[in-house]
Amino acid sequence: SAVISQKPSRDICQRGTSLTIQCQVDSQVTMMFWYRQQPGQSLTLIATANQGSEATYESGFVIDKFPISRPNLTFSTLTVSNMSPEDSSIYLCSAAVSRSSTDTQYFGPGTRLTVL
Amino acid sequence: GQQLNQSPQSMFIQEGEDVSMNCTSSSIFNTWLWYKQDPGEGPVLLIALYKAGELTSNGRLTAQFGITRKDSFLNISASIPSDVGIYFCAGRAYNNNDMRFGAGTRLTVKP
C-alpha cells in the first residue's frame, strides 16, 4: 500500500491569488494523479503528474491554470492559479502502485479549498 | 473516455440489513476498485479486483468482477452505523493509465 499526505488540509483564499498543494507519498510509486471533487460529486481527474516531464492534462484542464510538478517518485505539487469562487473544491492527490499484472490506486486525505 | 454507471445513487437501510450496489461500464476493464469515502476524508480502498469472475471479500464486504469485464458489484452484509458514507467504484481499461470513477452510492444506515 501507499500512505499519502497532503498539505495544506484546507485553506480559504482570496480571488485572484494562487495556492500550491503538496503531496507526499511514503514510497516510490509508478504514477501520481490529481483529482478534483465538488461537494457531493464524484472525482474528476485533472491530470497525471509525470516525473521529469510535463503533466498530462484531461480535457477542460490546462497547465496555465493548474501547473503541476513532480520532481521525483514520491512528491508532487498542484497549483491552483488566479483562483475564482468556482475553484472552491476538494483537491485530491492519488498514487498508483503497480506490481506485475495488478495495480492499485490510493488517495490522500484531500485539500479543501474555499475561494472568496 | 470510459463511462461508468453506478447505482443506486443513494440507499437508506436499517442496521443489520444487507446492501448491494453495482457499476457498469461502456468499455472492458481490467481492474475494478471499490472505495469508501467519509465526510472530509479521501477515498479509502476497500477491495481490488483484477480478473473476470473474481470474487473477493474483506470482512463483511464482498465484491465481484463481472464475467463480461464491464461490470462489478459490491455487497455489504449485516450493515452497521459506521458503514455510512459514499461508496465509489472505479475502473481502469487496458492500456489506460488512469482510473475512471462512478458517481457514488450514498449509504445511510438507520440504527
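Let me begin by describing the structure that accompanies this report. Note that this is a predicted model, so its numbers are computed, not measured. (Residues numbered from 1 in each chain as written. Chains lettered and ligands numbered in written order. Predicted model: local features only at pLDDT ≥ 70, side-chain atom pairs only at ≥ 80, totals over all residues. Heavy atoms only, no water.)

## Here's the deal with the state of the cysteines
- Tallying each qualifying case throughout the model produces 2 disulfides over all chains.
- Covalently, cysteine 23 of chain A is tied to cysteine 93 of chain A through a disulfide, its sulfur atoms 1.9 Å apart. Since a negative S-S torsion denotes a left-handed disulfide, the cysteine 23 of chain A-cysteine 93 of chain A link at about -70° is left-handed. One end of the pair, cysteine 23 of chain A, is in strand S3 (residues 19–25); the other, cysteine 93 of chain A, is in strand S9 (residues 89–99), with 70 residues separating them in the sequence. You'll find cysteine 23 of chain A and cysteine 93 of chain A in the same group, each marked buried.
- Residue cysteine 23 of chain B pairs covalently with cysteine 89 of chain B via a disulfide, S to S 1.7 Å. Every disulfide takes its handedness from the sign of the S-S torsion; for cysteine 23 of chain B and cysteine 89 of chain B that torsion is -80°, giving left-handed. With cysteine 23 of chain B in strand S3 (residues 19–25) and cysteine 89 of chain B in strand S9 (residues 85–93), this residue pair connects regions lying 66 residues apart in the sequence. The exposure classification of cysteine 23 of chain B matches that of cysteine 89 of chain B, with both residues buried.
- Its sulfur unpaired, cysteine 13 of chain A is 18 Å from the next cysteine sulfur, which belongs to cysteine 23 of chain A.
- Overall, cysteine 13 of chain A belongs to the buried group, its relative accessible area being 9%. (Disulfide = S-S within 2.5 Å. Helix = DSSP H or I, 4+ residues; strand = E, 2+ residues; numbered from the N terminus. Buried < 20%, exposed > 50% of the residue type's maximum accessible area, 1.4 Å probe, protein only.)

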